[in-house]
Amino acid sequence: MSTVQLGILAPAPPLARYLVFSLAPSSDPRDALKRLRATTDGESTVVGIGQSLVLALGRSLEGLRGFPNHSGAGFEVPATPGALWCWLRGKDRGELVHRARLMAQTLSPAFRLDRVIDAFQYGTSLDLTGYQDGTENPTGEQAYAVAVVQKRGEGFDGSSFVAVQQWVHDLTRFDSMSVTEQDHTIGRRKSDNEELDDAPASAHVKRTAQESFDPEAFVLRRSMPWADGTGEGLVFVAFGASFLPFEHLLKRMVGAEDGIPDALFNFTRPISGNYFWCPPVHAGQLDLRALGL
Ligand code: HEM
């Protein structure tokens with residue numbers, strides 16, 4: 001029987017490295033994917049397949065599509081290229097660097113490494129704004145039901161769909177807000193993580209209150225802060241048994257329903273947006289049967 005890639009359900013690791021690959025022109029990805037299958041367990045490294053790669057294999061996967069573009073008042077939510085995604089999870093930065101090099105060699109020459117992001121834990125699962133991230137995440141059986149495809153058949157059961165966005169924070173702007181303004185941006189109190197009843201409708205947790213949607217829009221978030229010489233922010237990562245819950249949340253965040261954009265846009269912007277399908281694992285290897293491999 002196939003199971004989910006265990007890194008999806010496990011808590012976010014202390015350190016991570018995200019790799020996004022594109023497909024080299026006129027290349028056949030099959031051999032590279034077979035090598036990847038043999039060397040990936042789904043636990044220390046989680047792998048996601050993009051729509052362009054599925055098409056290059058001459059297949060289609062029900063539920064997988066391109067990331068939706070959105071524009072709001074003064075901001076864009078972009079979709080960016082990405083054929084293959086690897087989330088390298090670990091606790092030693094040197095080991096992650098070497099694993100990333102090995103991954104690039106394994107996938108070469110069919111795949112080209114386009115983007116690398118180093119991510120880390122801040123305090124007790126904090127975003128770089130200092131707010132606790134992940135409080136309302138489903139856990140246990142609910143997490144499994146939210147994130148993992150079931151009853152769709154061999155090769156598909158145990159898989160998961162993931163939405164990934166790199167957000168760039170303007171922390172100078174955020175720091176210039178009063179603590180009350182900051183709390184009203186998130187909708188929770190930074191000091192004790194209490195949800196604020198009197199937060200404005202634009203507050204992030206008011207926008208995204210998962211139980212307020214019909215049907216409820218639960219996702220399993222595994223986001224991590226990132227930082228490098230160019231800036232800092234959050235790699236937002238949300239797993240689901242489909243993309244529908246994420247799409248409902250995102251639409252409300254951009255103000256598509258009621259014209260009220262999420263207050264997060266006052267200090268942060270997404271610069272990437274990708275959808276990937278994370279295949280199941282079978283006998284300790286990626287199960288790529290749904291892709292004809
Ligand atoms: C820079 C980007 C983001 C930051 C800094 C951020 C931060 C936070 C924080 C601090 C919370 C409150 C604690 C918690 O329950 O986790 C939260 C909740 C949440 N966020 Fe985000 N978030 C970001 C982007 C997104 C995006 C793009 C989505 C989905 C489209 C999203 C969906 C949610 C959901 C579903 C909740 C829980 C709401 C609830 O049911 O109470 N977030 N986020």
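All chains use their own residue numbering, which begins from 1 and follows the written sequence. Predicted model: local features are reported for residues with pLDDT of at least 70 only, side-chain atom pairs are reported and counted for 80 or more only, and whole-chain, interface and lining totals are derived from all residues. As a convention, hydrogens and water are excluded, and side-chain values are obtained from all of the structure's heavy atoms.

I'd like a rundown of the overall build of the protein chain, residues and numbers included.
When its secondary structure is counted, the protein chain shows nine helices and 14 strands. A globule of 293 residues ought to have a C-alpha radius of gyration of about 19 Å, and the protein chain, at 19 Å, matches this closely. Expressed as lengths along the three principal axes of its C-alpha atoms, the size of the protein chain is roughly 55 × 40 × 35 Å. Between buried and exposed lies partly exposed: a residue is buried under 20% and exposed over 50% of the maximum accessible area for its type, with that area taken using a 1.4 Å probe on protein chains only. Out of the 293 residues in the protein chain, the part that is buried amounts to 53%. Here, Shrake-Rupley sampling with a 1.4 Å probe gives the accessible areas, and only protein chains in the shown set may cover a residue. Summed over its atoms, the accessible surface of the protein chain is roughly 13100 Å², and 51% of this surface lies on carbon and sulfur atoms. Numbering of helices and strands runs from the N terminus, with a helix taken as a DSSP run of H or I at least four residues long and a strand as a DSSP run of E at least two residues long. The atom set for the radius of gyration is the C-alpha atoms, and the globule formula is 2.2 Å times the number of residues raised to the power 0.38.

I'd like a description of the packing of aromatic side chains, backed by residues and values.
Planes of paired rings set the category: under 30 degrees apart is stacked, over 60 is edge-to-face and the rest tilted, where pairs are Phe, Tyr or Trp rings (Trp by its six-membered ring) whose centres lie within 6.5 Å. Counted by the stated rule, this structure contains 18 aromatic pairs. With centroids separated by 6.2 Å and ring planes inclined at 20 degrees, the aromatic side chains of Y18 and W85 adopt a geometry described as stacked. One end of the pair, Y18, is in strand 1 (residues 15-23); the other, W85, is in strand 5 (residues 84-90), with 67 residues separating them in the sequence. The exposure class assigned to Y18 is buried, which follows from its relative accessible area of 2%.

Help me get a handle on the site of the ligand, residues and values and all.
Neighbouring the ligand are 26 residues; G134, E136, H204, Q210 and R221 lie closest to it. At 2.5 Å from an oxygen atom of the ligand is found a main-chain nitrogen or oxygen belonging to G134. Within the backbone of T135, an N or O atom sits 3.1 Å from an oxygen atom of the ligand. Mapped onto the shell around the ligand, the elements with two or more residues apiece are strand 7 (160-169), helix 8 (204-207), strand 10 (231-240) and helix 9 (244-254). By residue number, the principal contributor to the shell around the ligand is helix 9, which donates four residues. In this text, near means that some heavy atom of the residue lies within 4 Å of the molecule or strand in question. As used in this structure description, the phrase polar contact means that two N or O atoms lie within 3.5 Å; if the pair is within protein, one of them must be able to donate a hydrogen and the other to accept it, and residues adjacent in sequence are counted only when both atoms belong to side chains.

Outline the side chain of Q166, listing residues and values.
Its place among the elements puts Q166 in strand 7. Given the relative accessible area of 9%, Q166 is considered buried. The contact partners of Q166, leaving out residues within four places of it in the chain, are I117, W226, L234, R269, P270, I271 and S272. Here, two residues are considered to be in contact whenever any of their heavy atoms come within 4.5 Å of each other.

Explain the nonpolar core residue by residue, including any values.
Counting residues in each nonpolar core, the largest one holds 56 residues, and the members touching the most others are L33, L84, F111, F246 and W277. At five residues, the largest contribution of residues to this core is made by helix 9. Discounting chain neighbours no more than four positions away, the residues touching W277 are V47, G48, I49, L61, L64, G155, F156, S159, S160, F161, A290 and L291. To qualify as a nonpolar core, a set must consist of buried Ala, Val, Leu, Ile, Met, Phe, Trp, Tyr and Cys residues joined through side-chain atoms within 4.5 Å. Y18, V20, V148 and V237 belong to the second largest nonpolar core, which has 23 residues in total.

Keep in mind these numbers describe shape, not what the thing actually does.
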